[in-house]
Amino acid sequence: MSLNKDDIKERIIEKLQTVFDPELPVNIYDLGLIYKIDVNDKGYANITMTLTAPSCPAAQSLPVEVDQKTREVEGVTDANVMITWTPKWEKSMMSEVAALELGFM
């Protein structure tokens, strides 16, 4: 049984919820750092993400970890991770879970 695009996307999200910002006790998906996940019919995953700040100490490691974790997902044939600074990340992009964990609610 092959997975459809939506199943693969859900599995990518689950996998990215295991990636944590080294400075915060919250995963990068709930932090709102993942802006977009596109998966085509052939299993190619395109991920657009940002960092909390351009000077983020994890600027070199987080995109690499996102790429590696995405490639581990069943059904993903290839992956591309792009960093963007537009829109600029802000606290309002966090999930309620992240905001609660960090004491913003």
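Summarised in this report is the structure supplied together with it. In this convention, every chain numbers its residues from 1, walking through the sequence in written order. Residue-level local features of this predicted model are given only where pLDDT is at least 70; pairs of side-chain atoms are given and counted only at 80 or more, and the full residue set underlies all totals for whole chains, interfaces and linings. Only hydrogens and water are removed before side-chain values are computed, so all heavy atoms of the structure are retained for them.

1. Some remarks on the sheet that holds strand S1 (residues 34-39)
At least two DSSP bridges between two strands are required for those strands to pair. Under the DSSP-based scheme used, a helix requires at least four consecutive residues in state H or I and a strand at least two consecutive residues in state E, with every element numbered from the N terminus. Ordered in space as S1-S2-S3, the three strands form an open sheet in which the pairing is mixed. This sheet does not close on itself; its edge strands, each paired only once, are S1 and strand S3 (78-83). Neighbouring strand axes in the sheet, compared pairwise and without regard to direction, differ in orientation by 15° on average. Taken strand by strand, helix H1 (residues 5-16) contacts S1 and strand S2 (44-49), and its axis lies near 145° from that of S1. Only the stretch in contact is used when a helix axis is fitted, and all axes are lines through C-alpha atoms; the angle between N-to-C directions ranges over 0 to 180 degrees. Residues are treated as being in contact if the distance between any of their heavy atoms lies within 4.5 Å.

2. Here's the deal with the nonpolar core
Soluble, globular proteins show a tendency: their nonpolar side chains are buried together. Residues grouped as a nonpolar core are buried Ala, Val, Leu, Ile, Met, Phe, Trp, Tyr and Cys residues, joined through side-chain atoms within 4.5 Å. Exposure categories follow from relative accessible area, calculated using a 1.4 Å probe and restricted to protein chains: below 20% of the type maximum is buried, above 50% is exposed, and the middle band is partly exposed. Membership of the largest hydrophobic core comes to 27 residues, with the highest contact counts inside it found for Ile-12, Leu-16, Ile-37 and Ile-47. Mapped onto this core, the elements with two or more residues apiece are H1, helix H2 (28-31), S1, S2 and helix H3 (61-71). Here this core takes four residues from H1, the largest share from any one element. In contact with Ile-47, not counting residues within four places along its chain, are Ile-12, Leu-16, Ile-34, Lys-36, Ile-37, Val-66, Thr-70, Asn-80, Val-81 and Met-82.

3. Some details on unusual backbone geometry
Between Thr-86 and the following residue, Pro-87, the backbone shows a cis peptide bond with an omega angle of -5°. The residue Pro-87 is located in the loop between S3 and helix H4 (96-101) in this model.

4. Side note on the pattern of salt bridges
Salt bridges are defined as contacts in which a side-chain nitrogen from Lys or Arg sits within 4 Å of a carboxyl oxygen from Asp or Glu. Enumeration according to the criterion identifies six salt bridges in this entry. For the salt bridge of Lys-15 with Glu-72, the shortest nitrogen-to-oxygen distance reads 3.0 Å. Here the residue Lys-15 occupies a position in helix H1, and Glu-72 occupies one in the loop between H3 and S3, the gap between them amounting to 57 residues. A salt bridge links Asp-67 to Arg-71; its shortest N-O distance comes to 2.7 Å. A residue pair is termed a helical-turn pair when its members lie 3 or 4 positions apart in one helix, as Asp-67 and Arg-71 do in helix H3 at four residues. Salt bridges sharing partners connect three or more residues here, namely Asp-67, Arg-71 and Asp-78.

5. Regarding a nonpolar patch on the surface
The grouping of Leu-100, Phe-104 and Met-105 at the surface amounts to a nonpolar patch, some 350 Å² of accessible area in total. With respect to the element layout, Met-105 can be found in the segment after H4. Nonpolar side chains (Val, Leu, Ile, Met, Phe, Trp, Tyr) are joined into patches within 5 Å and like charges within 9 Å, using only residues with over 30% relative accessible area and no salt bridge. For the accessible areas, the method is Shrake-Rupley and the probe is 1.4 Å, while residue cover comes only from the protein chains on display.

6. Section: H3
Every buried residue of H3 is accounted for by Leu-62, Pro-63, Val-66, Asp-67 and Thr-70. Considered in projection along H3, the buried side chains sweep an arc of 140° and stay on one side of the axis. On its buried face, H3 is in contact with H1, H2, S2 and S3. Relevant arc is that of directions from the helix axis to the C-beta atoms, nothing else.

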